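# Chains, contacts and geometry: an overview
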Amino acid sequence: MVIIGNITIRFVSDLILGLHQWMIAVYISFALVVGIGILLRSRIKVGTVLLASLSSSLLFFILTNFAMWVGSPFYPQNIGGLIECYVAAIPFLNNGLLGDLFYSTIFFGGFYLAQLRFPVLARIKS
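Here's a quick rundown of the structure. (Residues numbered from 1 in each chain as written. Predicted model: local features only at pLDDT ≥ 70, side-chain atom pairs only at ≥ 80, totals over all residues. Heavy atoms only, no water.)

### Side note on the nonpolar core
If you look at the biggest cluster of nonpolar residues, it comprises 8 residues: Phe61, Trp69, Tyr75, Leu82, Cys85, Tyr86, Ala89 and Leu93. If you tally residues by element for this core, the top one is helix 4 (residues 79-88), at 3 residues. Excluding its chain neighbours within four sequence positions, the residues that come into contact with phenylalanine 61 are Tyr86, Ala89, Ile90 and Leu93. (Core = buried A, V, L, I, M, F, W, Y, C linked by side-chain atoms within 4.5 Å. Buried < 20%, exposed > 50% of the residue type's maximum accessible area, 1.4 Å probe, protein only. Helix = DSSP H or I, 4+ residues; strand = E, 2+ residues; numbered from the N terminus. Contact = heavy atoms within 4.5 Å.)

### With respect to the side chain of aspartate 14
For aspartate 14, the location among the structural elements is in helix 1 (residues 2-17). This buried residue, aspartate 14, is left without a salt bridge; arginine 10 holds the nearest opposite charge, at 7.0 Å. Those residues in contact with aspartate 14 that sit more than four places away from it in its chain are Leu19, Met23 and Tyr27. (Lys, Arg positive; Asp, Glu negative; His and termini not counted. Salt bridge = Lys/Arg side-chain N within 4 Å of Asp/Glu carboxyl O.)

### With respect to the packing of aromatic side chains
In total, this model carries 6 aromatic pairs according to the counting rule given. With 6.2 Å between their ring centres and 80° between their planes, tyrosine 27 and phenylalanine 30 make a pair best called edge-to-face. Remark: phenylalanine 30 and tyrosine 27 occur in helix 2 (residues 23-40); sequence separation between them is 3 residues, near one turn of the helix. Among the aromatic residues, ring-to-ring pairing joins Tyr27, Phe30 and Phe60 into one connected group. Taking NZ or CZ as reference, arginine 10 lies 4.3 Å from the ring centre of phenylalanine 30, over its face. (Phe/Tyr/Trp six-rings, centres within 6.5 Å; stacked < 30°, edge-to-face > 60°. Lys NZ or Arg CZ within 6 Å of the ring centre and 35° of its normal.)

### Some words on the packing of helix 3 (residues 46-71) against helix 4
Running from amino to carboxyl end, helix 3 crosses helix 4 at an angle of 130°, the nearest separation of the two axes being 9 Å. Taken together, helix 3 and helix 4 sit at an angle that is classed as oblique. Crossing of helix 3 over helix 4 shows right-handed handedness. On helix 4, the residues touching Phe61, Ile62, Asn65, Phe66, Met68 and Trp69 of helix 3 are Gly81, Leu82, Cys85 and Tyr86. (Axes fitted to C-alpha atoms, helices over the stretch in contact; angles between N-to-C directions. Parallel < 35°, antiparallel > 145°, perpendicular 65-115°, else oblique. Left-handed = near helix turned anticlockwise from the far one by under 90°.)

### Observations concerning the layout of surface pockets
Approximately 1,400 Å³ is the volume found for the largest pocket. Arg10, Phe30, Val33, Ser56 and Asp100 are the residues nearest the centre of the largest pocket, which is lined by 41 residues in total. Of all elements in the fold, only helix 1, helix 2, helix 3, helix 4 and helix 5 (90-117) reach the threshold of two or more residues within the lining of the largest pocket. Looking at the lining of the largest pocket, its residues break down into 27 nonpolar, 11 polar and 3 charged. Reported here for the second largest pocket is a volume of approximately 650 Å³. What lines the second largest pocket is a set of 20 residues, and nearest its centre among them are Ile44, Lys45, Val49, Phe108 and Tyr112. Within the residue set of the lining of the second largest pocket, elements represented by two or more residues are helix 3 and helix 5. For the lining of the second largest pocket, the element with the most residues is helix 5, which contributes 9 residues. Across the lining of the second largest pocket, the residue classes tally to 10 nonpolar, 6 polar and 4 charged. (1 Å grid on protein atoms, 1.4 Å probe; cavity = no way out; pocket = protein on both sides within 12 Å on 5 of 7 lines; lining within 4 Å. Points joined across faces, edges and corners; volume = space filled by probe spheres on them. Nonpolar A, V, L, I, M, F, W, Y, C, P; charged D, E, K, R; others polar.)

In short, geometric facts, not functional conclusions.
Here it is as structure tokens:
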């Protein structure tokens with residue numbers, strides 16, 4: 001239910017801010033990242049959170065920039081144009097990776113510390 005609400009809020013804000021032809025790639029990327037999060041849910045450890053964060057960033061980068069290359073007149077529709085598109089987007093990948101790693105550390109690390117301080121937050125294992 002939370003996922004549907006999140007996507008609905010994103011879509012409404014996109015309607016207000018404006019849609020573009022690559023939105024489907026963005027939403028597909030979000031859906032796949034949610035899938036990664038669902039897989040991560042029962043395996044929360046430093047390594048798995050790191051792997052999920054990096055995978056999510058790379059997945060978003062690959063899918064959205066591929067869509068940009070396919071649907072854009074800015075790049076030739078050949079392997080050289082695809083490489084040019086990905087190279088031009090590297091600064092966005094760097095920022096995305098750093099942001100995802102930072103916020104994953106804050107959210108997962110913060111919750112871990114909160115569990116130490118307030119044991120009631122820890123999951124009950126049965």
